[in-house]
Amino acid sequence: MAIRRWLDDQVTLEPLKNLKIAVIGYGIQGAAQASNMKDSGLEVSVGLRPNGKTWEKAVAEGHRVLEVDEAVKGADIIHILIPDMEQEKTYKNDISPHLNEGKTLSFSHGAAIHWKWIEPPANVDITMVAPKGPGQRVRELYLEGFGTPSLVAVHQDFTKKAWDKTLALAKSIGSTKPGVLETTFREEVETDWFGEQIDLCGGVHQMILKSFETLVEAGYQPEIAYFECLHELKLIVDLIQKYGITGMYNRVSETARYGGLTRGKRVIDESSKEKMKQVLTEIQSGHFASEWVNNYKKDRKGAFGTMLSELESHQIEKVGKDLRRMMWPKEKIE
């Protein structure tokens, strides 16, 4: 069965007419989505902790800002965009007491529902609009008259209108212009975590470090290794994103094409795939979710601090900071 997909001319904002939306959280994704919704003509409020660091920012950017429980009380749709690990507590304290029959609980990530950190009542809609890009890009592309594609899902359709509202929300943030695809909460969270761990963050990070170390240990200058193993990676990824893998190979030199096609499979081989399957199993079984929750509750900042300090002290980070300052002297380089 072909995956269901929707484009802009197939979706209308009409299902959201006269409905009030509370966006909970004003981080990078919250700020982008709330602003796009407001600019699309929807009635939006932003729910935040009193005296939080984003309160003044949201006000300055033209939003009606309320404490979370007040925003939820007056809302028909509660769109939760705070970090995964904060959602359970916020839901219990500020959202669930005001989650009346027929309201919609909406997310941009499936973790809290899939792993049952949040267990809403049966008389509400549970939906998801998950942009496939960072919040900054969600806002930038909207302002350019386009948008970021999104995955959409309905986990619980009490009102029998959940799909109409979900697609309308996707349209309001600009996602129906490039297109939205149907998924499930389970599929979204498991594939999202797998991508982050295997290639988008973990795999790329380790590949860069190991290739850089190989060149430096062989006697090559660290600055040259940095350009070859890190800097040029973006250029290749941009080609892959726009033209696909084959399209990328058709746009690089013949030497790069032959070398990549014949050597790449020796570096990332079937044994690598077996390890990927192990990581996927840990995600599917709930092992990673439990590990993450336990570590977060134990010492989130301490754990991150140790790991990031080790990475920051790596030679590639020191060399990279110097080279980035050379290339972009007017920007603040971290």
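Summary of the structure given here. Bear in mind the structure is a predicted one, so any value in this text is a computation, not a measurement.

1. A word on the packing of helix H8 (residues 185-200) against helix H13 (residues 270-285)
- Where H8 meets H13, the axes come as close as 10 Å, and the angle between the chain directions of the two elements is 140 degrees. In terms of their interaxial angle, H8 and H13 are classed as oblique. Relative to H13, H8 is oriented so that their crossing is right-handed. Contacts from Glu-190, Trp-193, Phe-194, Gln-197 and Ile-198 in H8 reach Met-276, Val-279, Leu-280, Ile-283 and Gln-284 in H13.
- Residues that form the contact of H8 with H13 fall into these classes: seven nonpolar, two polar and one charged.

2. With respect to the pairing of strand E6 (residues 104-107)
- The side-chain alternation of E6 yields two buried faces, one formed by Thr-104 and Ser-106 and the other by Leu-105 and Phe-107.
- For strand E5 (residues 77-80) and E6, the ladder comprises four bridges, and the chain directions are parallel. Its bridge partner lying in E6, His-79 is registered against Ser-106.
- A crossover links E5 with its parallel partner E6, the connecting element being helix H4 (residues 84-95), and its sense is right-handed.
- Pairing of E6 with strand E7 (residues 125-131), which is carried by four bridges, proceeds in the parallel orientation. Within the sheet, the bridge partner assigned to Leu-105 lies in E7 and is Ile-126.

3. Let's talk about the side chain of Asp-84
- With respect to the helices and strands, Asp-84 occurs in helix H4.
- In this structure, Asp-84 is buried with no salt-bridge partner, the nearest side chain bearing the opposite charge being Lys-132 at 12 Å.
- Asp-84 has contacts with His-109, Ala-111 and Trp-117, leaving out every residue within four places of it along the chain.

4. Looking at the sheet that holds strand E1 (residues 5-6)
- Here nine strands make up an open sheet; going across it, the order is E1-E9-E8-E7-E6-E5-E2-E3-E4 and the pairing mixed. Each edge of the open sheet carries a strand with a single partner, namely E1 and strand E4 (64-67).
- Of the pairings in the sheet, the one linking strand E2 (residues 20-24) to E5 comprises four bridges and is parallel in character. Counted as the bridge partner of Ile-24 is Ile-80 from E5.
- Relative to E7, H8 is tilted by about 35 degrees, and along the sheet it contacts E6, E7, strand E8 (150-156) and strand E9 (180-182).

Calculation rules
Residues numbered from 1 in each chain as written. Predicted model: local features only at pLDDT ≥ 70, side-chain atom pairs only at ≥ 80, totals over all residues. Heavy atoms only, no water. Axes fitted to C-alpha atoms, helices over the stretch in contact; angles between N-to-C directions. Helix = DSSP H or I, 4+ residues; strand = E, 2+ residues; numbered from the N terminus. Parallel < 35°, antiparallel > 145°, perpendicular 65-115°, else oblique. Left-handed = near helix turned anticlockwise from the far one by under 90°. Contact = heavy atoms within 4.5 Å. Nonpolar A, V, L, I, M, F, W, Y, C, P; charged D, E, K, R; others polar. Buried < 20%, exposed > 50% of the residue type's maximum accessible area, 1.4 Å probe, protein only. Pairing = 2+ DSSP bridges. Right-handed = clockwise from strand over helix to strand, strands pointing away. Lys, Arg positive; Asp, Glu negative; His and termini not counted. Salt bridge = Lys/Arg side-chain N within 4 Å of Asp/Glu carboxyl O.

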